[in-house]
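# Fold and contact review
These are the residues of each chain, in order.
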Amino acid sequence: MAKLVLWDIDHTLMSMRGLGGELWSVAFEEVTGVPLREQASVTGSTERLILRETARLHDIPFSDGLFARFADALGAVHLRRAAEVRERGHALPGAATVLAALDARRVRQSVVTGNVRGAAEVKLATFGLDTYLRLDDGAYGEDGEERPALLRAALTRAGIPATSAVFLGDTPADVAGGRDAGVRVVAVATGKTSRAELLAEGAEVVLDGLDDTERVLDAIGA
């Protein structure tokens, strides 16, 4: 039985409908003084890795200090434009219901996301999903470049062994990261990756979405 459920955010719990890229571009220019010409691949990646590779594309030296300033700027621009997040984004069907059902069963929940924490908090609060999540138990873009490191950080913070945790995500990187960290993975085919691809990557279960609450709870083992 799952004692800790860890959620990816983008395309697992919600969609930003393209706004995320716009806000990223604003933060990048604010911090570097350089307009964004090209962004490194973002699917399943972390903000630290995306910034490092995007900085390289613009011949900008990457450093921990640059990332820290960028993380602050990205969180701030999400906060300033929270009304647009609400207007253009949306929680995926069933997400709030599943989180509430797990909370009612006293299952601990948090997030493991490539988002920096400031941006993640705004996104989750905008759609009322933060109510059910112990955000201090989670892991964010500030915690590393790869999913396994983020998952291990969250497990350590929660004080839960990997064998008692379940991770839900929508990308091959989520599945591979969960397997590497030793947690059970339930994939959700609500992003850009097909059910077949997620199964091929090694997901134990692949759901079409979160709208069938009982199906999701059964897959999680709650």
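Up top you'll find the structure we're talking about.
Residues numbered from 1 in each chain as written. Predicted model: local features only at pLDDT ≥ 70, side-chain atom pairs only at ≥ 80, totals over all residues. Heavy atoms only, no water.

To continue, consider the packing of helix α1 (residues 19-32) against helix α3 (residues 64-80). Packed helices, taken two at a time, are described by their axes: the angle between them and the distance between them. Look at α1 against α3: their axes get within 9 Å of each other, and the N-to-C directions meet at 135°. Classified by the angle their axes make, α1 and α3 are oblique. Handedness of the crossing formed by α1 with α3: right-handed. Residues Leu23, Trp24, Val26, Ala27, Phe28, Glu30, Val31 and Thr32 of α1 lie in contact with α3, whose contacting residues are Leu66, Arg69, Phe70, Ala73, Leu74, Val77, His78 and Arg80. (Axes fitted to C-alpha atoms, helices over the stretch in contact; angles between N-to-C directions. Helix = DSSP H or I, 4+ residues; strand = E, 2+ residues; numbered from the N terminus. Parallel < 35°, antiparallel > 145°, perpendicular 65-115°, else oblique. Left-handed = near helix turned anticlockwise from the far one by under 90°. Contact = heavy atoms within 4.5 Å.)

Moving on, we get to the packing of aromatic side chains. Under the defined criterion, the tally for this structure stands at two aromatic pairs. Where Trp24 meets Phe28, the ring centres are 5.6 Å apart and the plane angle is 15°; that geometry is what we call stacked. Linking Trp24 with Phe28, this pair stays in helix α1, spanning four residues, or about one helical turn. As far as burial versus exposure is concerned, Trp24 and Phe28 are alike and both buried. In textbook terms, an aromatic cluster arises when at least three aromatic residues are bridged by ring pairs, as seen for Trp24, Phe28 and Phe70. The ring centre of Phe67 lies 5.3 Å from the NZ or CZ of Arg48, which sits over that ring. (Phe/Tyr/Trp six-rings, centres within 6.5 Å; stacked < 30°, edge-to-face > 60°. Buried < 20%, exposed > 50% of the residue type's maximum accessible area, 1.4 Å probe, protein only. Lys NZ or Arg CZ within 6 Å of the ring centre and 35° of its normal.)

Now for α3. Side chains that are three or four residues apart share a direction in an α-helix, a result of its 3.6 residues per turn. Here α3 contains 17 residues, and its C-alpha end-to-end distance of 24 Å stays within 8% of the 24 Å for a straight helix at 1.5 Å per residue. Among the residues of α3, Leu66, Phe67, Phe70, Ala71, Ala73, Leu74, Gly75, Val77 and His78 are the ones counted as buried. Looking at the buried positions of α3, the neighbouring elements they touch are α1, α2 (47-57), α4 (82-88) and α6 (117-126). (Expected span 1.5 Å × (residues − 1).)

Strand order in the open sheet made by the five strands is β4-β1-β5-β6-β7, with parallel pairing throughout. Each having just a single partner strand, β4 (108-111) and β7 (205-207) make up the two edges of the open sheet. Put simply, the sheet's adjacent strands are angled 25° from each other on average, direction ignored. One ladder, built from four bridges, connects strand β1 (residues 4-7) with strand β5 (residues 165-169); its direction is parallel. Across the sheet, the residue bridging to Trp7 is Leu168, located in β5. Sheet strands in contact with helix α8 (residues 172-181) are β5 and β6 (184-188), and its direction is about 170° off that of β6. (Pairing = 2+ DSSP bridges.)

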